[in-house]
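Descriptive structure summary
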Amino acid sequence: MLIYIAGSGAMGCRFGAQLHEAGQEVILLDNWDDHINTIKENGLKISGDDERIVPMTIMKPQEANRVGDLIILFTKAMQLPAMLESIQGIMDSHTKVLCLLNGLGHEEVIKQYVPERSIIMGVTVWTAQLVGPGHVKLASTGSINIQSIDANEAEMGHKVAEILNEAKLNAIYDQDVIPSIWRKACVNGTMNSLCALLDCTIGQLFATEPGLQLVHEIIHEFVQVGQAEGVKLDEEAVTDYVMKTSVTAAHHYPSMHQDLVQNHRYTEIDFINGAVARIGDKHDIETPRCDVITQLIHTKEKILIEP
Ligand code: NAD
């Protein structure tokens, strides 16, 4: 089985390395020259729980020329269309495409490039962090929920879950993955964006009364808009999930803080709070918190990235 990881940053490297170590043929695809050259020269350096060097094959997407059996999409959301465009040549009718990006709206983008019967949507609570080119830090454990979007293709989704499980990635085939995707987006839409704006840890945010009130108001907007889209979301259950996540991740600066505040990189805000604002508009649902948070993050991007 030939597996491509399309977008081999922190998460792509984690998944790529674990699948390689489970005996799969894995090719990492990426566009960051320093990262590609470092991995080609020294292998992928993994630090954290289980330090090691993993020899991995890595190349630019346009250099790949063998048709893949499975392609795992792990770009940042704004890089997804360009990646899908550049991997057209390595997909045929039997290639399965699994999306594990955070955020909302990716299914519609992928459908422009991949036949519906080949698409598997998913969500993961595994984490990973890039330390520098060719070096990823991995800690703790995680899981994955996936589902074929074509109900007739559930069997191929189950097979992909098996492959992920052979690599100890804890995948389950979910009969309704969309609420899980929205629930994770809601975690990102509360703690990621607010901690990036306020320059604080998750614990600091949740310890304040006004911060916590804002969190509840954002959850309410996510749930209202999701329900209008037909997604089965229960506000109490989503709130419970967000609160539990805030406890386990209390000492962390979330990834949007790392991207924007620490590394001055663009964020996925348009696919998180920005997506809720857009979808809310479609249903005439007001989303004042998501609107202003999206605007503030874009303002901060301008200040920090394009001074
Ligand atoms: P990432 O930022 O580590 O990598 C994404 C892409 O950006 C890769 O192609 C990478 O090579 C490139 N990149 C990273 N740093 C760069 C630099 N300094 N210069 C040039 N290019 C650079 O992204 P990720 O954390 O792997 O996330 C991928 C997707 O998975 C996102 O949708 C994210 O929200 C989601 N996700 C991430 C985590 C996590 O813990 N990191 C957890 C769950 C889901």
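Here the structure is a predicted model, which is why all the values come from computation and not from measurement. (Residues numbered from 1 in each chain as written. Predicted model: local features only at pLDDT ≥ 70, side-chain atom pairs only at ≥ 80, totals over all residues. Heavy atoms only, no water.)

**A look at the pattern of salt bridges**
- Summed over all chains, the structure comprises 14 salt bridges.
- Across the pair K111 and E107 runs a salt bridge whose closest N-O atoms are separated by 3.4 Å. One end of the pair, K111, and the other, E107, are both in helix α4 (residues 106-111), four residues apart, so they sit about a helical turn from each other.
- The class of K111 is partly exposed, set by a relative accessible area of 34%.
- Exposure remark for E107: the relative accessible area of 18% places this residue in the buried category.
- Taken together, the shared-partner salt bridges connect E21, D50 and R52 into one network. (Salt bridge = Lys/Arg side-chain N within 4 Å of Asp/Glu carboxyl O. Helix = DSSP H or I, 4+ residues; strand = E, 2+ residues; numbered from the N terminus. Buried < 20%, exposed > 50% of the residue type's maximum accessible area, 1.4 Å probe, protein only.)

**Side note on the sheet that holds strand β10 (residues 135-138)**
- Read from one edge of the open sheet, four strands run β4-β3-β10-β9, paired in mixed fashion. Looking along the sheet, the strands with just one partner apiece sit at the ends: β4 (52-54) and β9 (129-132). If you compare each strand with its neighbour and ignore which way they point, the axes differ by 35 degrees on average.
- Note: strand β3 (residues 44-48) against β10, four bridges, orientation parallel. Counted as the bridge partner of S47 is K137 from β10.
- Packing of helix α1 (residues 10-21) onto the sheet brings it into contact with β3, β4, β9 and β10, and relative to β4 it is tilted by some 85 degrees. (Pairing = 2+ DSSP bridges. Axes fitted to C-alpha atoms, helices over the stretch in contact; angles between N-to-C directions. Contact = heavy atoms within 4.5 Å.)

It is worth stressing that arrangement in space is one thing and function is another; only the former is reported here.
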